[in-house]
Structure formats: C-alpha cells, structure tokens
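One-letter residues, chain by chain:
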Amino acid sequence: MKNRVNRFWGEKWAALALALLAILAICPAQGVRAQTIVASVNGDPITSIDIAEREKLLRAIGQPSSPSAALESLIESRVKAGEINKYGIKVSPNEFGPTVNYYAEKGHMTVAAMSQRISAAHIDPKHVENFFAIQQAFTIYARARNRAVEVSQQDVDAEIARDKKLANEQSFTLRQVVLILPTTASPAAVQEAGKKMEGLRARFTSCETGVKAATESGQFVVREPITRSSSQLGEQLVALLDKTPVGHMTGPSRDSTGLVAIAICARKAAGADAAKEVAQQKLLQRIVEGQAQKLYEEMRAHAVIVKKGQ
C-alpha cells in the first residue's frame, strides 16, 4: 500500500498541470506599471502590483479576493518562499499537479474550468507560476518533515464507506478534438466554427472512424488518447461524459485554443483497486495539507511583517 500511496507524488498527478502549462504559455507578459510598496515580509517587499495580480488570481481560483485577502495570501507566499529557499527546494510547472487539483477542488470546479478562468483573467504568468510553485514546494517540504506518515487500510476502508462515489469510480479513455481559433476571433467566426464542430459531432459514431474523419478533413486537431478516473476528471465533466454514448463526441466548448470537444473511446468500472487508490490519495493529501498549515502558522508567528501605515 505504501508504494501506491507514494505514487500520489509521482506521475499520476503530472497530467493535472498540463492545462496550467498552457496558461503560462498563452498569458501575455505584463508591461511596466507604476507601483508602491504596501508591506514587507522579513524585508521582502509586497507592492501594489502584487496585490492587484493576487486579487485576480484568487478570484479566478474561487477564493476570497478582497485587497486584505490578497495581502494575506502574499504574506503567506513570502513566508513560505523564505523557508523553502533555505533548503533549495524548487519545482517546475509540470510538478504542480497536486496543488492545481487541490485549488480546483477547493473552488468547486474542474482543473480545466479553473485553468480557463485563470487564462481569461490576464494575470502575469510569472505571478501564476510563483503562486503554484511556492504552494507545491512548501507541501513537499512539509511532507519531507513528516516522512513517517502513512495511510492505513482501516482509514482507506472508512473513507470508501464515507464517500459512496468512490465505489462507483469509472475509467474513461478520451480524446480531445480541437478546432483552432484565435482568442480575437469574431462572433461570426466562432459561430461558423461551432457549425463545423456540430457537423463532425453528428458523423462521429466511433473513435476509429470519427478520428479518421476529423484528421483527414484537415480542419481539426485530435489529441492523443488519455485514460482518467472519475475523481481525476471532476463531477462536472463526468456528468457531461455520462450523457455521451461511448464512441461519440460531446458538444464543443470555448477555451484559449479554440473550440474543444471530447470523444469518449471507452468507459468502464474502474474497480476496487482504483477506489482504494483514490481514497489513499485524498487521505494523504488532507494529512499533508494540515501539516503544511501548522508549519506555516508557526513560521508566520516569527516573521517580521511590516504593513504601510502601521
């Protein structure tokens, strides 16, 4: 069981960061703007621009986003960054999976939906990257300080009994079908693209023939197949997929790349092992989050925090 739990930090979560990587590539860089220092944490300044960017990010991920909430969030980031920098802990965007998933669940949305909201908010990509990097690195730090933490079979069984959805885990094999559109596309162009997607959807009756038709038309990009469990996809997306027969395609939705639909190539019960693994992951994540929060509160109590006017 311990080996399966450890995979929580491995490859299974890496895919959850893909949408965020796309955001970091698409978000425009911010120009130079006037700024003032509004606070400092252990001598590290927090500016008015930092506050404005953090407000937008918090709003996008479904968290309280008042100026005071943004300042407190930045103080947290500065305190945590100071600690992880002592130990040289660094993470890259393709390691953000657990943290991205945590904030999506906390905001009651899918990873894709949260990613789209971040993209639409036009936040400085470095601000987005720093936020998730610090949170993920600090979680790794908290986990390293508590290596003995394990999840027992009894706890796993109790979690499955508590969360009835785990016993109904499904496994989906999916392919994204994309019709590329620039973000500046006119309403008429979007409407025309929608007609093309709906035309393909009407002809899409199996992944084998549908993918071939989409590819040969030269108008669509079909992504490589991926396999995901219900928990990885989130309730909203699973509800949509459950309404779509195997071999068919969902209706299109707009994102930063264009119009995107999802073809369902396979759907089956994930089985007891999958339910246990998801339960293990959730339990471990809760434990580590609690450890990280306790560590942060101890560090904040000893930090030198100076706010303008105080």
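One can find the structure itself at the top, above this paragraph.
Below is a short write-up of the structure. Predicted, not measured: the structure shown is a model, and the values here were computed from it.

Going through the model one piece at a time under the given rule, you end up with one disulfide. The side chain of Cys207 participates in a disulfide bridge whose partner is Cys265; the two sulfur atoms lie 2.0 Å from each other. Looking along the S-S bond of the Cys207-Cys265 disulfide, the torsion reads about -95°, which is the left-handed sense. With Cys207 in helix H11 (residues 207-217) and Cys265 in strand S7 (residues 258-269), this pair connects stretches of sequence that are 58 residues apart. The class for Cys265 is partly exposed, based on a relative accessible area of 25%.

Turning our attention to the packing of aromatic side chains. This model, assessed by the stated rule, comprises seven aromatic pairs. For the pair Tyr103 and Phe132, a centre-to-centre distance of 6.2 Å together with 80° between the ring planes defines the contact as edge-to-face. Residue Tyr103 is found in helix H6 (residues 97-106), and its partner Phe132 is found in helix H8 (residues 125-144); the two are separated by 29 residues along the sequence. A single burial state applies to Tyr103 and to Phe132, both of which are buried. Seen in terms of ring centroids, Phe131 and Phe132 are 5.2 Å apart; in terms of plane orientation they differ by 80°. Their pairing is edge-to-face. Taken individually, Phe131 and Phe132 each receive the classification buried, so the pair is uniform in this respect. Grouped by ring-pair contacts, the aromatic residues Phe96, Tyr102, Tyr103, Phe131 and Phe132 constitute a single cluster.

Moving on, we come to the pairing of S7. Bridge count between strand S3 (residues 170-180) and S7: 11 bridges; the pairing is antiparallel. Within S7, the position partnered with Phe172 by the bridge is Arg267. When strand S6 (residues 253-255) meets S7, the two strands line up antiparallel, connected through three bridges. Bridge pairing in S7 links Asp255 to Gly258. Remark: two residues form the turn of the hairpin made by S6 and S7, two consecutive strands paired antiparallel.

A few words now on unusual backbone geometry. For His108, which is not a glycine, the phi torsion comes out positive at approximately 60°. Topologically, His108 is positioned in the loop between H6 and helix H7 (111-120). We note that His122 has phi near 55°; this positive angle belongs to a residue other than glycine. Residue position: His122 is located in the loop between H7 and H8.

Turning to the nonpolar core, a few remarks are in order. Ranked by size, the top nonpolar core spans 37 residues in total, and within it Ile46, Ile61, Met114, Ile118, Phe132 and Phe138 carry the most contacts. Where this core is concerned, the elements lending two or more residues are strand S1 (37-41), helix H4 (48-60), helix H5 (67-86), H6, H7, H8 and helix H14 (272-302). No other element matches H8, which puts eight residues into this core. Grouped together as the second largest cluster of nonpolar side chains are 17 residues, Ala193, Phe204, Ala261 and Ala263 included.

This part covers the packing of H4 against H8. Direction vectors running N to C along H4 and H8 enclose 70°, while the axes themselves pass 10 Å from each other. With respect to each other, H4 and H8 are oriented roughly perpendicular. Facing H4, whose interface residues are Asp50, Glu53, Arg54 and Leu57, H8 presents His127, Val128 and Phe131. Grouping the constituent residues of the contact of H4 with H8 by class yields three nonpolar, one polar and three charged.

For the structure on display, the rule yields nine salt bridges. Between Glu53 and Lys56 there is a salt bridge, with the nearest N and O atoms lying 3.2 Å from each other. Taken together, the residues Glu53 and Lys56, both in helix H4 and three residues apart, mark about one turn of the helix. When salt bridges with common partners are traced through the structure, they connect Asp44, Asp50 and Arg78 into a single cluster.

Cut-offs and rules
Residues numbered from 1 in each chain as written. Predicted model: local features only at pLDDT ≥ 70, side-chain atom pairs only at ≥ 80, totals over all residues. Heavy atoms only, no water. Disulfide = S-S within 2.5 Å. Helix = DSSP H or I, 4+ residues; strand = E, 2+ residues; numbered from the N terminus. Buried < 20%, exposed > 50% of the residue type's maximum accessible area, 1.4 Å probe, protein only. Phe/Tyr/Trp six-rings, centres within 6.5 Å; stacked < 30°, edge-to-face > 60°. Pairing = 2+ DSSP bridges. Core = buried A, V, L, I, M, F, W, Y, C linked by side-chain atoms within 4.5 Å. Axes fitted to C-alpha atoms, helices over the stretch in contact; angles between N-to-C directions. Parallel < 35°, antiparallel > 145°, perpendicular 65-115°, else oblique. Contact = heavy atoms within 4.5 Å. Nonpolar A, V, L, I, M, F, W, Y, C, P; charged D, E, K, R; others polar. Salt bridge = Lys/Arg side-chain N within 4 Å of Asp/Glu carboxyl O.

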